[in-house]
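Each chain is listed here by its residues.
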Amino acid sequence: MSKKKKQDEQVKKEQAKAYEKYVKQFTPNPKYFSNAIKAFFIGGLVCTAALYLQNLFMAQGMMKKDAATAVTVILVCSAQLLTGIGWFDSIARFAGAGVIVPITGFANSMVSPAMEFKKEGLVLGSGAKLFTLAGPVLVCGISVSVIIGIIHLIIDK
Amino acid sequence: MDYLWAFIIGGLICVIGQLLMDFTKLTPPRILVIFVVAGAILTGLGLYQPIVDFAKSGATVPLPGFGYLLAKGAMDAVKIDGFMGALVGGLKETAAGITAAIVFGYIIALIFSPKPLR
Amino acid sequence: MVANKIGKHTVKFNNKPEILGTGSVVGVKEGEGPLGKRFDVVLEDDTFNEKTWEKAEIKMLSESILLSMKKAGKTEKEIDAIISGDLLNQLMSASFTARDFDVPFIGIYGACSTMTESMILGSVLVDGGYAENVVSAASSHFCTSERQFRNPLEHGNQRPPAAQWTATASGSVVIGITNKPNIVLTYATLGKVVDPGITDAHQMGAAMAPAALDTIHTHLLDTNREPAYYDLIITGDLGHIGKDILLDMSKNRGIDLEKVHMDCGVILYDEDQDTHSGGSGCGCSASVFAGHIYREILEGKLKKVLLVSTGALLSTTSTMQGDSIPGIAHAIAIEVEDS
């Protein structure tokens, strides 16, 4: 009985795979090349601008570490402001990973759900939804950093 | 010259993200997680620091740079504080960015409302 | 002995339930599309002067129901039931709309197939003599379904080519019986759930096409009709990709749909409106039928229409758990009585 069930499942899976392949010929591909070019130039531009700002701050006498932090804060805040006035989604639709992969994408993923759920209240609406998309990033990133810290503690001894 | 390398490396990291999005159907949140974790692991293995030295903002501004900061913070703090350092270091290093994102993000959310797409 | 069932899954309406009037309300983007002038109301602003998107959708549904009643010449007292549904959790828009009417309410969920489902149920009630006049309606709103099923509006992302655009639209139909039957609902074929195993939540057209084909095929066999019997066989929201798949699959089964088939999701938007594969949502087939198609019938351009609303019965939970997307389609035949 269970063997037959397993067989049925196998058949279903194969049918699904065949159908998916069949569907593929009707689905236009994303514009791989032009998307990649756009992501490269916009992403590169964001990074270059960040470096320019950092150098500017350092020329004003800021420590390198503080300057880098200040740049991060500026990038985060400007991405969030752009999200607020409704421009970021249009920019991202054009630039794709060019603005999603830099820290700007992380900033956007926090504000956008918080704005969306404002009507559900400031605590369980905006307050909670601030982390629906960014939460996983923080959870995984921080967990890995702790593990790496512990591994280094063991190795260095 | 610094600017050129920041541009090229930063751009390339974004291209990797774009290719992941187009080829694998991974959603942006998943890509963010993958990049941060990858950055942290590469840092732990000592492979990301050279890229940062070389490309500066080109390596720290994209999300692997966030993972890099988390891991670097933990690794540095462990040397001084031992086990507690592993718990404190990562967040301490990135505190300014995360706090800014939370506080400013919350303020923005209070001021603005979403507009329908056209 | 079942009197009104023929063939496998088809019911025949013997007492000639009719469409007495329709109402359609659509959003800004839909109004800018090629069918913009074929709807009763086009919003100037997708919020409809309401505080939340949900309230806007409720107002849209309510407005289209009122319009259809007005055009049918019926008051609230003469309506025996409102059958409607939408895409939101717990049928929020439909139930909250019914709150403002002094009429019994039947809430139904058939994803984007809701419009045909409610028209079939309405016709059954009227044909069987259980109700005199029934309102069948459905609605969807881009902003309410986007936040429930996908990402926040301001979230930066790129929609893949297969993605479809949830229509901000609502449509309503009043079904009743008169002495001089004109636009009559003759047959309805209930669809069964067909799951081709698609797991990508953006490939809705592909997930629904086999269900649409199954229902159309069953309908043609049960009624012993050829596709060419109809002036138009219009599916709900397969989109460009789903339409191509349906046509290709039907050719393989020996059914020639090419000349008579259209899809509401394909005609609702222009190609340069950046909707990718076309429109979707309950409101897509509801508004296109109640607005555009009904006008074509009134103008005498169409006499025999088969409306096949298609639905993708996925939930946010099933998608996250990696389950595939079950598809469904219901069909109802609308024919102009010769006089």
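Residues numbered from 1 in each chain as written. Chains lettered and ligands numbered in written order. Predicted model: local features only at pLDDT ≥ 70, side-chain atom pairs only at ≥ 80, totals over all residues. Heavy atoms only, no water.

### What to know about the overall build of chain C
Reasoning step 1: Each helix and strand counted, chain C has 10 helices and 15 strands in total.
Reasoning step 2: Whereas a compact globule of 339 residues would reach a radius of gyration of roughly 20 Å, chain C reaches 18 Å, a difference of no more than 12%.
Reasoning step 3: Dimensions of chain C along its principal axes, counting C-alpha atoms only, are 55 × 50 × 35 Å.
Reasoning step 4: Here chain C holds 339 residues, and the buried ones make up 65% of them.
Reasoning step 5: Long-range contacts, defined as pairs at least 24 residues apart, comprise 78% of the intrachain contacts of chain C with a sequence gap of at least 6.
Reasoning step 6: Total accessible area on chain C is roughly 12,600 Å²; 49% of this is exposed by carbon and sulfur atoms.
Reasoning step 7: Counting 29 positive and 44 negative side-chain charges, chain C places the averaged centre of each group 4 Å from the other. (Helix = DSSP H or I, 4+ residues; strand = E, 2+ residues; numbered from the N terminus. Rg over C-alpha atoms; globule rule 2.2 N^0.38 Å. Buried < 20%, exposed > 50% of the residue type's maximum accessible area, 1.4 Å probe, protein only. Contact = heavy atoms within 4.5 Å. Areas by Shrake-Rupley, 256 points an atom, 1.4 Å probe, with all protein chains shown as cover. Lys, Arg positive; Asp, Glu negative; His and termini not counted. Charge placed at Lys NZ, Arg CZ, Asp CG, Glu CD.)

### What about the interface of chain A and chain B?
Reasoning step 1: Across the boundary between the two partners, chain A contributes 70 residues, which contact 65 residues of chain B.
Reasoning step 2: A combined buried area of about 5,600 Å² lies between chain A and chain B, and 78% of that area is made up of carbon and sulfur atoms.
Reasoning step 3: The three residues of chain A that bury the most area against chain B are A:Phe40, A:Leu51 and A:Val101, which together make up 11% of that side's buried surface.
Reasoning step 4: Run the count over chain A and chain B and you get one salt bridge.
Reasoning step 5: One salt bridge connects B:Glu93 with A:Lys65, and the closest N-O pair in it is separated by 3.7 Å. (Buried area = accessible area lost by both parts, 1.4 Å probe. Salt bridge = Lys/Arg side-chain N within 4 Å of Asp/Glu carboxyl O.)

### Observations concerning unusual backbone geometry
Generally, phi is negative for residues other than glycine and the peptide bonds are trans, each holding for most cases.
Reasoning step 1: Phi is positive for B:Lys56, which is not a glycine, with a value near 50 degrees.
Reasoning step 2: We classify B:Lys56 as partly exposed; its relative accessible area is 24%.

### A closer look at the domain arrangement of chain C
Residues and elements named next belong to chain C.
Reasoning step 1: With domains assigned, chain C is organised as domain 1 (5-176) and domain 2 (183-336).
Reasoning step 2: Here the C-alpha centre of domain 2 lies 17 Å away from the C-alpha centre of domain 1.
Reasoning step 3: Summed over both sides, the interface of domain 1 with domain 2 buries roughly 5,100 Å², with 61% coming from carbon and sulfur.
Reasoning step 4: Of all residues in domain 1, Arg-38, Cys-112 and Gln-164 give up the largest surface area on contact with domain 2, accounting jointly for 16% of the area buried on that side.
Reasoning step 5: Linking domain 1 with domain 2 are three salt bridges.
Reasoning step 6: Here Glu-296 ties to Arg-38 by a salt bridge, and the two come within 3.0 Å at their closest N and O atoms.
Reasoning step 7: For the pair domain 1 and domain 2, the number of links is 29 residue pairs in polar contact (both at pLDDT 80 or more). (Domains from an automatic or database assignment. Polar contact = N/O pair within 3.5 Å; in protein donor to acceptor, adjacent residues only side chain to side chain.)

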